[in-house]
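Summary of structural features
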Amino acid sequence: MSRIQVITIIINCVFIGYIARLITKGKLREEYAIVWCLCTFVLVLFSFWTKGLNLMSKVFGVFDPPNLIFTAFIFLILIYLLHLSVVSSKSQHSITRLTQEIALLKEKMKKADGTDQND
Amino acid sequence: MTKILIIIPCYNEGNSLPLILEQLLHLKLPAHFKMEIAVVNDCSKDDTKWVAGLYPIVLLDLLVNLGIGGAVQTGFLYARENGFDLACQIDGDGQHPPWELIKLLEFYDQTKTNIVIGSRFLDEGGFKSSFARRLGIRYFHWLNKLLTGGNIYDSTSGFRLFDKAGVALAAEKYPDEFPEPASLVLFSKYGLSIKEVPVVMSERIAGISSIRNFKSVYYCIKVTISMLFIFIRKKA
């Protein structure tokens, strides 16, 4: 086993451990964790299975194996970023609705008790 | 009796708000109208909330800054919930003289148009804007004609009167940033009638426009995109 293999495997293990910690602490929702776990799994897989990359490049018809990694991962990252934009747009919409509803409720409450204008 | 809600979206308009509210409260509307005023405080950093609290009005206080679209929509939600027949947006910066509201109401009474827009460009006189802004407005006139088939000159005007159908639609879906031109596409798509009435607008009393120079290119692009997407979006 070459040195770089050992290094990637250790880093991946630390990474998976960190994701697990984030989930148990409730800082990361499981649905986002799936993507990160999958990515790490792929990395671990290829660090054990060194011939796999060459094989994959041949299957996809890529001349230089590292190019396959860059292409695949840049594509994945772009898709994931798009997904995050969708998530953030959705939460922005929810925040708008909530803020509006709170403003209306505050006004309703004020009308109901007929108390001081400035709270 | 026709109940009308005046929606005043405010972001840091503490200086100009008292004058507008005074003018509005002293405004004599035709007898069959009953007016109520809602100030929407869009999380202002100045004393807007305190100033608004001094007047006998409805204060809708947003905890998070939503931008003009979200703020005005809060007013529409209030109007829908409380059964108002009409709602009119008047900007908090003093750009829209309250007495011009009567022209919109008269026009509504005669035609029962769903959306009545107070327009700067049908009449001589009043506030003339800069060349770049006029260019932008001409572009939006063209784009609006392309997408709605209507002939609206001042599609960026925020001085607009909505009837019940307009309020219901705007409460449901209203674009959040730079909503005016984009919402016209929405309204025409749902078959609401849109007409313009010439009004005289004044220069803002205080505060700064939400559309500054360096933002205007972004404005054009964003509005174009949102108009196009509202145009091709399926009706829900």
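The structure under discussion appears in the preceding block.
Reading the values: rules and limits
Residues numbered from 1 in each chain as written. Chains lettered and ligands numbered in written order. Predicted model: local features only at pLDDT ≥ 70, side-chain atom pairs only at ≥ 80, totals over all residues. Helix = DSSP H or I, 4+ residues; strand = E, 2+ residues; numbered from the N terminus. Rg over C-alpha atoms; globule rule 2.2 N^0.38 Å. Buried ≥ 20, exposed ≤ 12 C-beta atoms within 10 Å, placed from the backbone. Contact = placed C-beta atoms within 7 Å. Right-handed = clockwise from strand over helix to strand, strands pointing away. Pairing = 2+ DSSP bridges. Core = buried A, V, L, I, M, F, W, Y, C linked by C-beta atoms within 7 Å. Nonpolar A, V, L, I, M, F, W, Y, C, P; charged D, E, K, R; others polar.

1. As for the overall build of chain A
Of the regular secondary structure elements, chain A holds four helices and zero strands. Going from N to C terminus, chain A has its helices and strands arranged as α-α-α-α. Relative to the 2.2 N^0.38 estimate, which gives 14 Å for 119 residues, the radius of gyration of chain A is 24 Å and therefore markedly larger than a compact globule would have. For chain A, buried positions account for 4% of its 119 residues.

2. Description of helix 7 (residues 179–189) of chain B
Residue and element names in this part refer to chain B. Of all eleven residues making up helix 7, ten are buried, and the element is well covered by its neighbours. All buried positions along helix 7 are accounted for by Pro179, Glu180, Pro181, Ala182, Ser183, Leu184, Val185, Leu186, Phe187 and Ser188. Once helix 7 ends, the next one or two residues include glycine 191, with phi positive near 80°.

3. Notes on helix 6 (residues 164–172) of chain B
Among the residues making up helix 6 of chain B, those that are buried are Gly166, Val167, Leu169, Ala170 and Ala171 of chain B. Where helix 6 of chain B is buried, its residues contact helix 3 (67–81), strand 4 (86–89), strand 5 (115–119), strand 6 (160–162) and helix 7 of chain B.

4. Considering the pairing of strand 1 (residues 2–10) of chain B
Residues and elements named next belong to chain B. Buried residues dominate strand 1, accounting for seven of its nine residues. Traced from strand 1 through helix 1 (residues 17–25) to strand 2 (residues 33–41), the parallel crossover comes out right-handed. Where strand 1 and strand 4 come together, four bridges link them in parallel fashion. Bridged to isoleucine 4 within strand 4 is leucine 86.

5. Considerations on the nonpolar core
Counting residues in each nonpolar core, the largest one holds 63 residues, and the members touching the most others are Ile8, Ala38, Val40, Ala87 and Cys88 of chain B. When residues in this core are grouped by element, the largest group, seven residues, is from helix 3 of chain B.

6. Quick notes on the interface of chain B and chain A
When the parts of a complex come together, some accessible area is lost, and that lost area is often used as the size of the interface. Contacts between the two partners involve 17 residues from chain B, matched on the other side by eleven residues from chain A. Its residues placed into classes, the side of chain B that touches chain A shows ten nonpolar, four polar and three charged.

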